[in-house]
Amino acid sequence: MHIVRFLGGSRSLLYCGLIICISGVMVFLLSGKTGSGVVSAQTSAATESVAATFQANPATLGAIPDGPDTCNGPGPARNVTFTVSGLTGPPTNVSVTVTLNPPHTWVGDLDAILIAPDGSTFHYLFTFTGGTPTGGSDGSSAGGPYIFNDAASGNWWSAAAAVPDDPDSSVIPAGSYRTSDINGNLTLMNPKFAAIPTSNGTWTLRFLDFCLGDTGSVSSASLTLATAANPQTHTVGDFDGDGSTDFTVVRNTGGGINGQVTWFVNKHADGGQSSRQWGLASDTFLANDFDGDGLADYGVWRQGIQSTFYIIQSQTNTIRVQDWGISNDDPSVVGDYDNDGKADFAVYRPGTTPGAQSFWYWKPSASSAQFNVVAWGLTDDTPAPGDYDGDHKMDFAVQRANGGNSDFYRRYSSGIADTVTTLGHSTDYNVPGDYDGDGKTDLCVVGITGSPSLLQWTYRPSGGGADVVDTWGFDTDYPAPGDYNGDGKADYAVWRPGALSTFWVMRPVTRQIESRQWGLIDDVPVQYTYAH
(Lines give C-alpha, C1' and ligand atoms only; values in the text may rest on other atoms or scores of the structure.)
Protein backbone atom coordinates (compact mmCIF):
# COMPACT_ATOMS: atom_id res chain seq x y z
CA MET A 1 0.00 0.00 0.00
CA HIS A 2 1.55 3.32 -1.05
CA ILE A 3 1.64 5.53 1.98
CA VAL A 4 0.12 8.63 0.32
CA ARG A 5 -2.98 6.80 -0.82
CA PHE A 6 -4.09 6.75 2.81
CA LEU A 7 -2.74 9.93 4.29
CA GLY A 8 -3.93 13.45 3.74
CA GLY A 9 -1.97 16.34 2.30
CA SER A 10 -0.41 17.41 5.60
CA ARG A 11 1.11 13.97 6.04
CA SER A 12 2.53 14.06 2.52
CA LEU A 13 4.28 17.35 3.32
CA LEU A 14 5.63 15.85 6.50
CA TYR A 15 7.18 13.02 4.55
CA CYS A 16 8.83 15.44 2.17
CA GLY A 17 10.73 16.71 5.18
CA LEU A 18 11.44 13.24 6.52
CA ILE A 19 12.83 11.94 3.26
CA ILE A 20 15.54 14.58 3.39
CA CYS A 21 16.68 13.26 6.77
CA ILE A 22 16.19 9.50 6.43
CA SER A 23 15.51 8.83 2.81
CA GLY A 24 16.56 5.19 3.16
CA VAL A 25 13.84 4.45 5.66
CA MET A 26 11.37 6.24 3.47
CA VAL A 27 12.35 4.11 0.50
CA PHE A 28 11.36 1.14 2.61
CA LEU A 29 8.10 2.74 3.69
CA LEU A 30 7.09 4.10 0.35
CA SER A 31 8.08 1.26 -1.93
CA GLY A 32 7.08 -1.74 0.12
CA LYS A 33 3.63 -2.85 1.17
CA THR A 34 4.14 -3.41 4.83
CA GLY A 35 2.08 -5.34 7.29
CA SER A 36 1.71 -8.64 9.06
CA GLY A 37 -1.75 -10.06 9.39
CA VAL A 38 -1.56 -10.70 13.10
CA VAL A 39 -1.00 -7.43 14.87
CA SER A 40 -1.62 -8.70 18.33
CA ALA A 41 -0.26 -12.22 18.42
CA GLN A 42 0.92 -15.25 16.64
CA THR A 43 -0.19 -18.46 18.29
CA SER A 44 1.04 -22.01 18.13
CA ALA A 45 0.22 -25.27 19.82
CA ALA A 46 3.15 -27.47 20.71
CA THR A 47 2.85 -31.23 20.45
CA GLU A 48 3.51 -32.00 24.12
CA SER A 49 1.13 -31.37 26.98
CA VAL A 50 1.47 -28.89 29.82
CA ALA A 51 1.36 -30.41 33.31
CA ALA A 52 1.18 -28.78 36.73
CA THR A 53 0.99 -30.16 40.25
CA PHE A 54 -1.15 -28.48 42.89
CA GLN A 55 -0.76 -29.23 46.60
CA ALA A 56 -3.78 -29.60 48.81
CA ASN A 57 -4.89 -26.50 50.65
CA PRO A 58 -3.36 -27.15 54.11
CA ALA A 59 -6.44 -26.15 56.06
CA THR A 60 -8.46 -28.89 54.35
CA LEU A 61 -6.19 -31.76 55.46
CA GLY A 62 -7.03 -33.66 58.61
CA ALA A 63 -8.99 -36.46 60.19
CA ILE A 64 -11.72 -38.28 58.28
CA PRO A 65 -14.90 -38.18 60.38
CA ASP A 66 -16.12 -41.58 61.50
CA GLY A 67 -19.22 -43.15 60.00
CA PRO A 68 -22.49 -44.04 61.79
CA ASP A 69 -22.82 -47.06 64.06
CA THR A 70 -25.59 -48.40 61.81
CA CYS A 71 -23.09 -48.61 58.92
CA ASN A 72 -25.86 -47.71 56.49
CA GLY A 73 -24.53 -44.40 55.20
CA PRO A 74 -21.58 -42.05 55.23
CA GLY A 75 -20.45 -39.83 58.03
CA PRO A 76 -19.47 -36.19 57.46
CA ALA A 77 -17.06 -35.65 54.58
CA ARG A 78 -13.41 -34.72 54.70
CA ASN A 79 -13.12 -32.42 51.69
CA VAL A 80 -9.51 -31.93 50.67
CA THR A 81 -9.33 -29.11 48.12
CA PHE A 82 -6.87 -27.99 45.44
CA THR A 83 -6.89 -24.53 43.89
CA VAL A 84 -5.99 -24.85 40.22
CA SER A 85 -5.11 -21.93 37.96
CA GLY A 86 -3.06 -21.13 34.89
CA LEU A 87 -4.29 -23.98 32.70
CA THR A 88 -6.33 -23.86 29.52
CA GLY A 89 -9.15 -26.23 28.68
CA PRO A 90 -10.05 -29.57 30.24
CA PRO A 91 -7.39 -31.96 31.54
CA THR A 92 -5.95 -34.62 29.27
CA ASN A 93 -4.36 -36.47 32.17
CA VAL A 94 -5.27 -36.58 35.87
CA SER A 95 -3.18 -37.98 38.72
CA VAL A 96 -3.89 -37.91 42.47
CA THR A 97 -1.32 -38.57 45.21
CA VAL A 98 -2.48 -39.06 48.77
CA THR A 99 -1.06 -40.15 52.12
CA LEU A 100 -3.08 -41.11 55.17
CA ASN A 101 -1.21 -40.79 58.47
CA PRO A 102 -2.32 -42.21 60.74
CA PRO A 103 -3.59 -44.84 58.30
CA HIS A 104 -7.30 -45.36 57.96
CA THR A 105 -8.23 -48.77 59.28
CA TRP A 106 -10.73 -51.00 57.46
CA VAL A 107 -10.40 -49.53 53.98
CA GLY A 108 -13.64 -51.24 52.95
CA ASP A 109 -15.50 -48.54 54.92
CA LEU A 110 -13.86 -45.73 52.97
CA ASP A 111 -14.72 -43.96 49.72
CA ALA A 112 -12.42 -41.53 47.93
CA ILE A 113 -14.00 -39.34 45.23
CA LEU A 114 -12.39 -36.70 43.02
CA ILE A 115 -14.77 -33.86 42.08
CA ALA A 116 -14.12 -31.33 39.31
CA PRO A 117 -14.58 -27.56 39.72
CA ASP A 118 -17.99 -27.72 38.01
CA GLY A 119 -19.26 -29.63 41.05
CA SER A 120 -21.08 -32.24 38.99
CA THR A 121 -18.30 -34.24 37.34
CA PHE A 122 -16.72 -36.78 39.68
CA HIS A 123 -14.84 -40.07 39.73
CA TYR A 124 -14.24 -42.68 42.44
CA LEU A 125 -10.63 -43.50 43.20
CA PHE A 126 -11.96 -46.44 45.19
CA THR A 127 -15.19 -47.41 46.94
CA PHE A 128 -16.33 -50.33 49.13
CA THR A 129 -12.94 -52.03 48.62
CA GLY A 130 -13.25 -55.81 48.72
CA GLY A 131 -17.02 -55.60 48.99
CA THR A 132 -19.08 -58.81 48.87
CA PRO A 133 -22.75 -59.45 48.11
CA THR A 134 -23.33 -60.13 51.81
CA GLY A 135 -22.05 -56.71 52.83
CA GLY A 136 -18.52 -57.56 53.92
CA SER A 137 -15.52 -55.56 52.83
CA ASP A 138 -11.74 -55.51 53.09
CA GLY A 139 -10.29 -54.87 56.55
CA SER A 140 -6.86 -53.67 55.40
CA SER A 141 -5.61 -50.20 56.29
CA ALA A 142 -4.93 -47.35 53.83
CA GLY A 143 -1.69 -45.46 54.44
CA GLY A 144 0.32 -44.60 51.36
CA PRO A 145 1.58 -42.62 49.69
CA TYR A 146 -0.65 -43.80 46.86
CA ILE A 147 -0.75 -42.48 43.31
CA PHE A 148 -3.93 -42.96 41.29
CA ASN A 149 -3.90 -42.46 37.53
CA ASP A 150 -4.82 -44.21 34.31
CA ALA A 151 -1.24 -45.21 33.51
CA ALA A 152 -0.70 -47.15 36.73
CA SER A 153 -0.37 -50.93 36.70
CA GLY A 154 -1.36 -51.65 40.28
CA ASN A 155 -4.76 -53.17 41.15
CA TRP A 156 -6.15 -51.62 44.33
CA TRP A 157 -8.49 -54.47 45.22
CA SER A 158 -5.84 -57.12 44.60
CA ALA A 159 -3.30 -55.25 46.72
CA ALA A 160 -5.82 -54.95 49.57
CA ALA A 161 -6.70 -58.63 49.38
CA ALA A 162 -3.04 -59.64 49.56
CA VAL A 163 -2.55 -58.34 53.09
CA PRO A 164 -4.24 -59.69 56.24
CA ASP A 165 -7.17 -57.93 57.84
CA ASP A 166 -5.07 -56.76 60.77
CA PRO A 167 -5.26 -53.05 61.51
CA ASP A 168 -1.80 -53.11 63.10
CA SER A 169 0.11 -54.64 60.15
CA SER A 170 -2.17 -54.73 57.13
CA VAL A 171 -1.45 -51.42 55.41
CA ILE A 172 -1.89 -51.63 51.66
CA PRO A 173 1.59 -51.14 50.11
CA ALA A 174 2.50 -47.71 48.83
CA GLY A 175 2.55 -47.47 45.05
CA SER A 176 0.69 -46.52 41.90
CA TYR A 177 -2.81 -47.86 41.33
CA ARG A 178 -5.63 -47.72 38.84
CA THR A 179 -8.97 -46.46 40.09
CA SER A 180 -11.78 -48.98 40.63
CA ASP A 181 -15.55 -49.17 40.95
CA ILE A 182 -17.81 -50.74 43.57
CA ASN A 183 -17.32 -54.19 42.03
CA GLY A 184 -13.54 -53.97 41.80
CA ASN A 185 -13.44 -53.30 38.06
CA LEU A 186 -10.60 -51.08 36.91
CA THR A 187 -11.82 -47.69 35.67
CA LEU A 188 -10.43 -44.76 33.71
CA MET A 189 -10.29 -41.29 35.19
CA ASN A 190 -9.19 -39.18 32.20
CA PRO A 191 -12.27 -39.70 30.01
CA LYS A 192 -14.52 -38.70 32.90
CA PHE A 193 -12.97 -35.23 33.14
CA ALA A 194 -12.21 -34.69 29.45
CA ALA A 195 -15.43 -32.75 28.81
CA ILE A 196 -15.33 -30.24 31.66
CA PRO A 197 -15.07 -26.65 30.40
CA THR A 198 -11.88 -25.76 32.26
CA SER A 199 -9.28 -27.28 34.54
CA ASN A 200 -9.10 -24.09 36.59
CA GLY A 201 -11.01 -23.72 39.83
CA THR A 202 -11.35 -25.69 43.05
CA TRP A 203 -11.02 -29.46 42.82
CA THR A 204 -12.18 -31.59 45.77
CA LEU A 205 -10.92 -34.97 46.95
CA ARG A 206 -13.75 -36.19 49.16
CA PHE A 207 -13.32 -38.95 51.76
CA LEU A 208 -16.37 -40.64 53.31
CA ASP A 209 -16.39 -43.24 56.06
CA PHE A 210 -19.42 -45.53 56.21
CA CYS A 211 -19.12 -47.36 59.54
CA LEU A 212 -18.29 -46.53 63.14
CA GLY A 213 -15.03 -47.62 64.72
CA ASP A 214 -12.34 -47.13 62.07
CA THR A 215 -10.70 -43.80 61.40
CA GLY A 216 -7.64 -42.19 59.84
CA SER A 217 -6.34 -38.85 58.69
CA VAL A 218 -5.34 -37.31 55.32
CA SER A 219 -1.88 -35.91 55.98
CA SER A 220 -0.91 -34.86 52.46
CA ALA A 221 -2.32 -34.83 48.95
CA SER A 222 -1.56 -33.38 45.56
CA LEU A 223 -3.31 -33.16 42.22
CA THR A 224 -1.43 -33.22 38.92
CA LEU A 225 -3.25 -32.10 35.80
CA ALA A 226 -2.01 -32.07 32.24
CA THR A 227 -3.75 -30.14 29.50
CA ALA A 228 -3.15 -29.93 25.79
CA ALA A 229 -0.30 -27.50 25.41
CA ASN A 230 -1.59 -23.98 25.55
CA PRO A 231 -1.23 -22.20 22.25
CA GLN A 232 1.83 -20.10 22.95
CA THR A 233 0.90 -16.50 22.50
CA HIS A 234 3.83 -14.77 20.88
CA THR A 235 3.02 -11.11 20.81
CA VAL A 236 4.60 -9.30 17.89
CA GLY A 237 7.05 -6.71 19.18
CA ASP A 238 7.38 -8.28 22.65
CA PHE A 239 11.11 -8.18 23.41
CA ASP A 240 10.93 -9.18 27.10
CA GLY A 241 8.35 -11.97 27.03
CA ASP A 242 5.72 -10.34 29.22
CA GLY A 243 3.02 -10.81 26.59
CA SER A 244 2.74 -7.14 25.68
CA THR A 245 3.98 -5.20 22.68
CA ASP A 246 6.91 -2.97 23.60
CA PHE A 247 7.33 0.59 22.34
CA THR A 248 9.98 0.32 19.63
CA VAL A 249 11.32 2.73 17.03
CA VAL A 250 14.11 2.48 14.46
CA ARG A 251 16.47 5.33 13.68
CA ASN A 252 18.84 5.93 10.79
CA THR A 253 21.93 6.63 12.90
CA GLY A 254 24.31 6.07 10.03
CA GLY A 255 22.84 8.59 7.60
CA GLY A 256 22.14 8.18 3.92
CA ILE A 257 19.87 5.85 1.99
CA ASN A 258 21.66 2.75 3.29
CA GLY A 259 22.71 4.10 6.67
CA GLN A 260 23.11 1.93 9.75
CA VAL A 261 19.84 1.60 11.70
CA THR A 262 19.56 1.47 15.48
CA TRP A 263 16.56 -0.05 17.26
CA PHE A 264 15.38 1.66 20.45
CA VAL A 265 13.11 -0.44 22.69
CA ASN A 266 11.10 0.88 25.64
CA LYS A 267 9.74 -2.08 27.62
CA HIS A 268 6.04 -1.84 28.30
CA ALA A 269 6.11 -3.43 31.75
CA ASP A 270 8.83 -1.49 33.52
CA GLY A 271 9.97 1.21 31.12
CA GLY A 272 13.38 -0.43 30.76
CA GLN A 273 15.25 0.80 27.72
CA SER A 274 17.63 -0.90 25.30
CA SER A 275 19.10 -0.27 21.90
CA ARG A 276 20.73 -2.36 19.21
CA GLN A 277 22.24 -1.66 15.83
CA TRP A 278 20.76 -3.95 13.20
CA GLY A 279 19.95 -3.43 9.57
CA LEU A 280 20.15 -0.68 7.00
CA ALA A 281 17.77 2.18 6.36
CA SER A 282 16.53 0.55 3.14
CA ASP A 283 15.58 -2.72 4.90
CA THR A 284 12.14 -3.83 6.03
CA PHE A 285 11.99 -4.19 9.82
CA LEU A 286 10.31 -7.16 11.53
CA ALA A 287 9.79 -7.91 15.24
CA ASN A 288 8.52 -11.50 15.07
CA ASP A 289 9.58 -14.54 17.10
CA PHE A 290 11.64 -16.63 14.67
CA ASP A 291 13.19 -19.03 17.19
CA GLY A 292 10.12 -19.86 19.29
CA ASP A 293 11.34 -18.62 22.67
CA GLY A 294 8.45 -16.22 23.16
CA LEU A 295 10.57 -13.14 22.54
CA ALA A 296 10.61 -10.86 19.52
CA ASP A 297 13.79 -11.06 17.47
CA TYR A 298 15.51 -8.20 15.67
CA GLY A 299 14.74 -8.95 12.05
CA VAL A 300 15.27 -7.25 8.72
CA TRP A 301 14.61 -8.21 5.11
CA ARG A 302 16.95 -6.80 2.51
CA GLN A 303 15.60 -6.80 -1.01
CA GLY A 304 17.61 -7.46 -4.12
CA ILE A 305 17.82 -9.87 -7.03
CA GLN A 306 18.17 -12.40 -4.21
CA SER A 307 16.47 -10.95 -1.15
CA THR A 308 17.56 -12.03 2.32
CA PHE A 309 16.29 -12.19 5.90
CA TYR A 310 18.81 -11.28 8.61
CA ILE A 311 17.68 -12.25 12.12
CA ILE A 312 19.28 -11.91 15.56
CA GLN A 313 17.77 -14.88 17.41
CA SER A 314 17.09 -13.88 21.00
CA GLN A 315 17.29 -17.44 22.34
CA THR A 316 20.97 -17.87 21.45
CA ASN A 317 21.99 -14.33 20.47
CA THR A 318 23.13 -15.74 17.15
CA ILE A 319 22.58 -14.46 13.64
CA ARG A 320 20.45 -16.38 11.17
CA VAL A 321 20.61 -15.58 7.47
CA GLN A 322 18.00 -16.88 5.04
CA ASP A 323 17.83 -16.06 1.34
CA TRP A 324 14.15 -15.70 0.51
CA GLY A 325 12.27 -13.67 -2.04
CA ILE A 326 13.14 -11.23 -4.82
CA SER A 327 12.87 -7.49 -5.34
CA ASN A 328 9.38 -6.04 -4.85
CA ASP A 329 8.20 -8.94 -2.69
CA ASP A 330 6.46 -8.06 0.58
CA PRO A 331 8.11 -9.79 3.59
CA SER A 332 5.70 -8.41 6.17
CA VAL A 333 3.49 -11.48 5.81
CA VAL A 334 5.93 -13.35 8.05
CA GLY A 335 4.11 -15.48 10.63
CA ASP A 336 3.58 -19.00 11.94
CA TYR A 337 2.08 -20.91 9.02
CA ASP A 338 2.70 -24.43 10.34
CA ASN A 339 1.84 -24.10 14.05
CA ASP A 340 5.30 -24.89 15.42
CA GLY A 341 5.55 -21.77 17.57
CA LYS A 342 8.01 -20.01 15.29
CA ALA A 343 7.56 -17.32 12.67
CA ASP A 344 8.22 -18.73 9.21
CA PHE A 345 10.02 -16.87 6.44
CA ALA A 346 7.35 -15.64 4.04
CA VAL A 347 6.83 -13.13 1.26
CA TYR A 348 3.86 -11.99 -0.77
CA ARG A 349 4.61 -11.55 -4.48
CA PRO A 350 2.11 -9.38 -6.38
CA GLY A 351 1.28 -10.18 -9.98
CA THR A 352 3.55 -8.61 -12.58
CA THR A 353 0.80 -7.33 -14.90
CA PRO A 354 -2.64 -5.81 -14.21
CA GLY A 355 -5.03 -8.49 -12.96
CA ALA A 356 -2.32 -11.15 -12.81
CA GLN A 357 -2.15 -13.83 -10.11
CA SER A 358 -0.29 -13.02 -6.90
CA PHE A 359 1.54 -15.67 -4.84
CA TRP A 360 2.52 -16.34 -1.26
CA TYR A 361 5.84 -18.11 -0.65
CA TRP A 362 6.55 -19.41 2.82
CA LYS A 363 9.29 -21.61 4.21
CA PRO A 364 8.86 -23.72 7.37
CA SER A 365 11.20 -22.54 10.10
CA ALA A 366 12.57 -26.04 10.71
CA SER A 367 13.23 -26.95 7.06
CA SER A 368 16.25 -26.09 4.97
CA ALA A 369 14.77 -27.16 1.64
CA GLN A 370 10.98 -27.40 1.82
CA PHE A 371 8.85 -24.44 0.84
CA ASN A 372 5.21 -23.78 0.00
CA VAL A 373 3.51 -21.69 -2.66
CA VAL A 374 -0.09 -20.49 -2.45
CA ALA A 375 -1.77 -18.60 -5.29
CA TRP A 376 -4.01 -15.98 -3.72
CA GLY A 377 -4.70 -12.41 -4.71
CA LEU A 378 -4.24 -10.21 -7.78
CA THR A 379 -1.69 -7.60 -8.78
CA ASP A 380 -3.21 -4.56 -7.07
CA ASP A 381 -4.34 -6.36 -3.92
CA THR A 382 -2.83 -5.71 -0.50
CA PRO A 383 -2.06 -8.68 1.76
CA ALA A 384 -3.92 -8.95 5.06
CA PRO A 385 -2.79 -12.26 6.61
CA GLY A 386 -3.87 -13.52 10.02
CA ASP A 387 -5.25 -16.54 11.84
CA TYR A 388 -8.89 -15.99 10.93
CA ASP A 389 -10.15 -19.45 11.94
CA GLY A 390 -8.24 -19.83 15.20
CA ASP A 391 -6.25 -22.94 14.23
CA HIS A 392 -2.94 -21.27 15.16
CA LYS A 393 -1.84 -21.14 11.54
CA MET A 394 -1.59 -18.04 9.39
CA ASP A 395 -4.21 -17.77 6.66
CA PHE A 396 -4.00 -16.00 3.32
CA ALA A 397 -6.06 -12.85 2.84
CA VAL A 398 -6.02 -9.85 0.57
CA GLN A 399 -7.73 -6.47 0.48
CA ARG A 400 -9.10 -5.45 -2.92
CA ALA A 401 -10.53 -2.12 -4.03
CA ASN A 402 -14.06 -2.41 -5.36
CA GLY A 403 -15.04 1.04 -6.51
CA GLY A 404 -14.86 3.11 -3.36
CA ASN A 405 -15.23 0.08 -1.12
CA SER A 406 -12.74 -2.42 0.24
CA ASP A 407 -13.34 -6.17 -0.20
CA PHE A 408 -11.46 -8.90 1.64
CA TYR A 409 -10.81 -12.34 0.19
CA ARG A 410 -9.65 -15.00 2.65
CA ARG A 411 -8.26 -18.49 2.09
CA TYR A 412 -7.80 -20.53 5.26
CA SER A 413 -4.78 -22.72 5.93
CA SER A 414 -7.06 -25.71 5.34
CA GLY A 415 -7.50 -24.59 1.73
CA ILE A 416 -11.11 -23.48 2.17
CA ALA A 417 -11.98 -20.07 0.74
CA ASP A 418 -14.30 -17.76 2.67
CA THR A 419 -17.00 -15.58 1.19
CA VAL A 420 -16.06 -12.06 0.18
CA THR A 421 -16.29 -9.56 3.04
CA THR A 422 -16.76 -5.83 2.44
CA LEU A 423 -15.33 -3.53 5.11
CA GLY A 424 -14.18 0.06 4.84
CA HIS A 425 -13.04 2.13 1.90
CA SER A 426 -10.55 1.39 -0.83
CA THR A 427 -8.14 3.98 0.59
CA ASP A 428 -8.15 2.47 4.11
CA TYR A 429 -5.25 0.69 5.70
CA ASN A 430 -5.97 -2.87 6.85
CA VAL A 431 -4.69 -3.76 10.32
CA PRO A 432 -6.09 -7.22 11.13
CA GLY A 433 -5.72 -8.46 14.69
CA ASP A 434 -7.59 -10.18 17.50
CA TYR A 435 -9.44 -7.15 18.83
CA ASP A 436 -12.04 -9.12 20.79
CA GLY A 437 -9.72 -11.71 22.34
CA ASP A 438 -11.42 -14.84 21.01
CA GLY A 439 -8.27 -16.31 19.49
CA LYS A 440 -9.22 -15.43 15.92
CA THR A 441 -8.03 -12.54 13.77
CA ASP A 442 -10.65 -9.86 13.14
CA LEU A 443 -10.71 -7.75 10.00
CA CYS A 444 -9.92 -4.14 10.81
CA VAL A 445 -9.42 -1.03 8.69
CA VAL A 446 -8.15 2.47 9.48
CA GLY A 447 -9.33 5.43 7.42
CA ILE A 448 -9.63 9.19 7.61
CA THR A 449 -12.74 10.93 8.87
CA GLY A 450 -13.87 14.40 9.91
CA SER A 451 -12.22 17.78 10.01
CA PRO A 452 -9.60 18.04 11.33
CA SER A 453 -8.65 14.74 9.75
CA LEU A 454 -8.79 11.95 12.32
CA LEU A 455 -8.15 8.22 12.09
CA GLN A 456 -11.22 6.01 12.27
CA TRP A 457 -10.70 2.36 13.29
CA THR A 458 -13.37 -0.18 12.32
CA TYR A 459 -13.15 -3.87 13.15
CA ARG A 460 -15.59 -6.69 12.54
CA PRO A 461 -15.74 -9.26 15.38
CA SER A 462 -14.94 -12.74 14.10
CA GLY A 463 -17.70 -14.20 16.25
CA GLY A 464 -20.36 -11.98 14.71
CA GLY A 465 -22.11 -8.86 15.81
CA ALA A 466 -21.99 -5.24 14.75
CA ASP A 467 -18.83 -3.55 13.57
CA VAL A 468 -16.96 -1.68 16.31
CA VAL A 469 -16.01 1.86 15.30
CA ASP A 470 -13.69 4.22 17.18
CA THR A 471 -11.82 7.40 16.34
CA TRP A 472 -8.20 7.44 17.47
CA GLY A 473 -5.31 9.51 16.21
CA PHE A 474 -4.66 12.18 13.58
CA ASP A 475 -3.90 11.60 9.94
CA THR A 476 -0.31 12.69 10.62
CA ASP A 477 0.16 9.80 13.07
CA TYR A 478 1.66 6.43 12.23
CA PRO A 479 -0.73 3.51 12.92
CA ALA A 480 1.21 1.13 15.19
CA PRO A 481 -1.21 -1.64 16.21
CA GLY A 482 -0.27 -4.22 18.83
CA ASP A 483 -1.29 -5.72 22.16
CA TYR A 484 0.29 -3.17 24.46
CA ASN A 485 -1.13 -4.39 27.77
CA GLY A 486 -0.84 -8.14 27.19
CA ASP A 487 -4.55 -8.93 27.57
CA GLY A 488 -4.68 -10.96 24.36
CA LYS A 489 -6.52 -8.21 22.48
CA ALA A 490 -5.19 -5.89 19.79
CA ASP A 491 -5.27 -2.21 20.68
CA TYR A 492 -5.73 0.91 18.60
CA ALA A 493 -2.32 2.55 18.66
CA VAL A 494 -0.51 5.37 16.89
CA TRP A 495 2.91 6.96 17.13
CA ARG A 496 2.90 10.73 16.91
CA PRO A 497 6.18 12.28 15.73
CA GLY A 498 7.19 15.61 17.13
CA ALA A 499 9.47 17.37 19.57
CA LEU A 500 8.10 14.88 22.14
CA SER A 501 7.29 11.87 19.98
CA THR A 502 4.73 9.69 21.73
CA PHE A 503 2.90 6.38 21.42
CA TRP A 504 -0.83 6.78 22.08
CA VAL A 505 -2.82 3.60 22.78
CA MET A 506 -6.53 3.06 23.30
CA ARG A 507 -8.21 -0.22 24.27
CA PRO A 508 -11.21 -1.12 22.10
CA VAL A 509 -14.62 -0.95 23.80
CA THR A 510 -13.31 0.24 27.19
CA ARG A 511 -11.56 3.22 25.56
CA GLN A 512 -8.89 3.12 28.26
CA ILE A 513 -5.95 5.30 27.20
CA GLU A 514 -2.22 4.82 27.64
CA SER A 515 0.70 6.88 26.35
CA ARG A 516 4.47 6.54 26.29
CA GLN A 517 6.85 9.26 25.17
CA TRP A 518 9.50 7.61 23.01
CA GLY A 519 11.56 8.42 19.96
CA LEU A 520 12.65 11.39 17.88
CA ILE A 521 10.74 13.14 15.14
CA ASP A 522 12.53 11.31 12.31
CA ASP A 523 12.17 7.80 13.78
CA VAL A 524 9.77 5.17 12.51
CA PRO A 525 7.80 2.84 14.85
CA VAL A 526 8.48 -0.82 14.09
CA GLN A 527 4.81 -1.69 14.58
CA TYR A 528 4.03 0.47 11.55
CA THR A 529 5.26 -2.53 9.55
CA TYR A 530 2.03 -4.25 10.57
CA ALA A 531 -0.30 -1.75 8.95
CA HIS A 532 -1.09 -2.26 5.24
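Residues numbered from 1 in each chain as written. Predicted model: local features only at pLDDT ≥ 70, side-chain atom pairs only at ≥ 80, totals over all residues. Heavy atoms only, no water.

J.: In this structure, what is going on with the sheet that holds strand 22 (residues 345–349)? I would like to understand it.
T.: Sheets are built from strands that pair by backbone hydrogen bonding, the pairs being arranged parallel or antiparallel. Read across the sheet, 3 strands follow the order 22-23-24 without closing on themselves; strand pairing throughout is antiparallel. Whereas interior strands pair on both sides, the edge strands pair on one side only; in this sheet they are strand 22 and strand 24 (372–378). For this sheet the average axis-to-axis angle between neighbouring strands, irrespective of direction, equals 20°. Summarising the sheet, strand 23 (residues 357–363) and strand 24 pair through 5 bridges and their orientation is antiparallel. Note on strand 24: the bridge partner recorded for Gln357 is Leu378. (Pairing = 2+ DSSP bridges. Helix = DSSP H or I, 4+ residues; strand = E, 2+ residues; numbered from the N terminus. Axes fitted to C-alpha atoms, helices over the stretch in contact; angles between N-to-C directions.)

J.: I'm lost on the pattern of salt bridges in this one. Help?
T.: Where charged atoms from two side chains of opposite charge come close, those side chains can pair. For the structure shown, the criterion picks out 10 salt bridges. Ionic pairing is found between Arg251 and Asp523, a salt bridge with its closest N-O pair at 2.7 Å. A residue pair is termed long-range when its members are at least 10 positions apart, and Arg251 in strand 15 (residues 247–252) and Asp523 in the loop between strand 36 (513–517) and strand 37 (524–525) qualify at 272 residues. Given a relative accessible area of 1%, Asp523 falls into the buried group. Asp467 is the salt-bridge partner of Arg460, the closest N and O atoms lying 2.7 Å from each other. Using a relative accessible area of 27% as the deciding quantity, one classes Arg460 as partly exposed. (Salt bridge = Lys/Arg side-chain N within 4 Å of Asp/Glu carboxyl O. Buried < 20%, exposed > 50% of the residue type's maximum accessible area, 1.4 Å probe, protein only.)

J.: Hey, could you run me through unusual backbone geometry in this one?
T.: A negative phi angle characterises most non-glycine residues, just as the trans form characterises most peptide bonds. Each neighbour pair has its own omega, and for Asn101 with Pro102 the value is 5°, a cis peptide bond. Of note, the bond from Ser451 into Pro452 is cis; its omega dihedral lies within 30 degrees of zero at 5°. Note on placement: Pro452 falls in the loop between strand 30 (443–449) and strand 31 (454–460). The backbone phi angle of Cys71 is positive, close to 55°, even though this residue is not glycine. Positive phi outside glycine occurs at Phe128, with the angle close to 50°. One can find Phe128 in the loop between strand 7 (122–126) and strand 8 (146–149).

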